[in-house]
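Examining the three-dimensional arrangement
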Amino acid sequence: PRSLESSLRSWRHGGLLDVVSERLLIANDPMVEELALAVSFGFVVRQPAQFRGARLRKLNVMTIGQALWFGLHELTSDQVLFLEKDFALVEGVPTPKLHAELMGAV
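Keep in mind the model is a prediction, meaning the values are calculated, not measured.

Our next topic: the overall build of the protein chain. The helix and strand tally for the protein chain stands at four helices and two strands. For the protein chain, whose C-alpha radius of gyration is 14 Å, the value lies close to the compact-globule estimate of 13 Å for 106 residues. Each principal axis of the C-alpha distribution contributes one length, and for the protein chain these read about 40 × 30 × 20 Å. Counting over 106 residues, the protein chain shows a buried share of 27%. Accessible surface, the protein chain: about 7,400 Å² in total, of which carbon and sulfur atoms supply 55%. With 11 positive and 12 negative side-chain charges, the protein chain shows a spacing of 5 Å between the two charge centroids.

Here it is as structure tokens:
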């Protein structure tokens, strides 16, 4: 849970969570603490076993490709930023610069 919590805090502090209209976390074999953390940061949480037709590698675990496919079908946004739980933002990047970088990538 520490890795996820660190990343979630960096995303909030850096302003990333302020620019999204949807927040979806697909949790492979999650710990209860990870689910609670994601919800506390405003994420809708889905687990692999909840996706009809998912081919699970083992109990409640799917490949990253499946997670992308199912996740994209859950969302309505035109642009999607895919992050993993250990993708923390670099500290000190001003929020306007972060927003400009994101818009430049579209």
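We now examine the packing of aromatic side chains. In total, this model carries three aromatic pairs according to the counting rule given. Three or more aromatic residues joined by ring pairs form one cluster here, namely Phe-51, Trp-69 and Phe-70.

To continue, consider the pattern of salt bridges. For the structure on display, the rule yields four salt bridges. Between Glu-34 and Lys-85 there is a salt bridge, with the nearest N and O atoms lying 2.9 Å from each other. Here Lys-85 lies in the loop between α3 (64-74) and α4 (95-104) and Glu-34 lies in helix α2 (residues 32-40), a separation of 51 residues in the sequence. Residue Glu-101 pairs with Lys-97 through a salt bridge whose shortest N-O separation is 3.4 Å. Remark: Lys-97 and Glu-101 occur in helix α4; sequence separation between them is four residues, near one turn of the helix.

To continue, consider the layout of surface pockets. Approximately 1,200 Å³ is the volume found for the largest pocket. What lines the largest pocket is a set of 39 residues, among which Leu-24, Val-80, Leu-81, Phe-82 and Leu-83 lie closest to the centre. Those elements that provide at least two residues to the lining of the largest pocket are α1 (2-13), β1 (24-26), α3 and α4. Considering every element that reaches the lining of the largest pocket, the biggest residue donor is α3, with five residues. Its residues placed into classes, the lining of the largest pocket shows 26 nonpolar, seven polar and six charged. By volume, the second largest pocket amounts to about 220 Å³. The wall of the second largest pocket is formed by Ser-10, His-13, Gly-14, Leu-89, Val-90, Glu-91, Gly-92, Val-93, Lys-97, Leu-98 and Glu-101. Elements with a minimum of two residues in the lining of the second largest pocket: α1 and α4.

Analysis parameters
- Residues numbered from 1 in each chain as written.
- Predicted model: local features only at pLDDT ≥ 70, side-chain atom pairs only at ≥ 80, totals over all residues.
- Heavy atoms only, no water.
- Helix = DSSP H or I, 4+ residues; strand = E, 2+ residues; numbered from the N terminus.
- Rg over C-alpha atoms; globule rule 2.2 N^0.38 Å.
- Buried < 20%, exposed > 50% of the residue type's maximum accessible area, 1.4 Å probe, protein only.
- Areas by Shrake-Rupley, 256 points an atom, 1.4 Å probe, with all protein chains shown as cover.
- Lys, Arg positive; Asp, Glu negative; His and termini not counted.
- Charge placed at Lys NZ, Arg CZ, Asp CG, Glu CD.
- Phe/Tyr/Trp six-rings, centres within 6.5 Å; stacked < 30°, edge-to-face > 60°.
- Salt bridge = Lys/Arg side-chain N within 4 Å of Asp/Glu carboxyl O.
- 1 Å grid on protein atoms, 1.4 Å probe; cavity = no way out; pocket = protein on both sides within 12 Å on 5 of 7 lines; lining within 4 Å.
- Points joined across faces, edges and corners; volume = space filled by probe spheres on them.
- Nonpolar A, V, L, I, M, F, W, Y, C, P; charged D, E, K, R; others polar.

Purely geometric stuff here, so don't read any function into it on its own.
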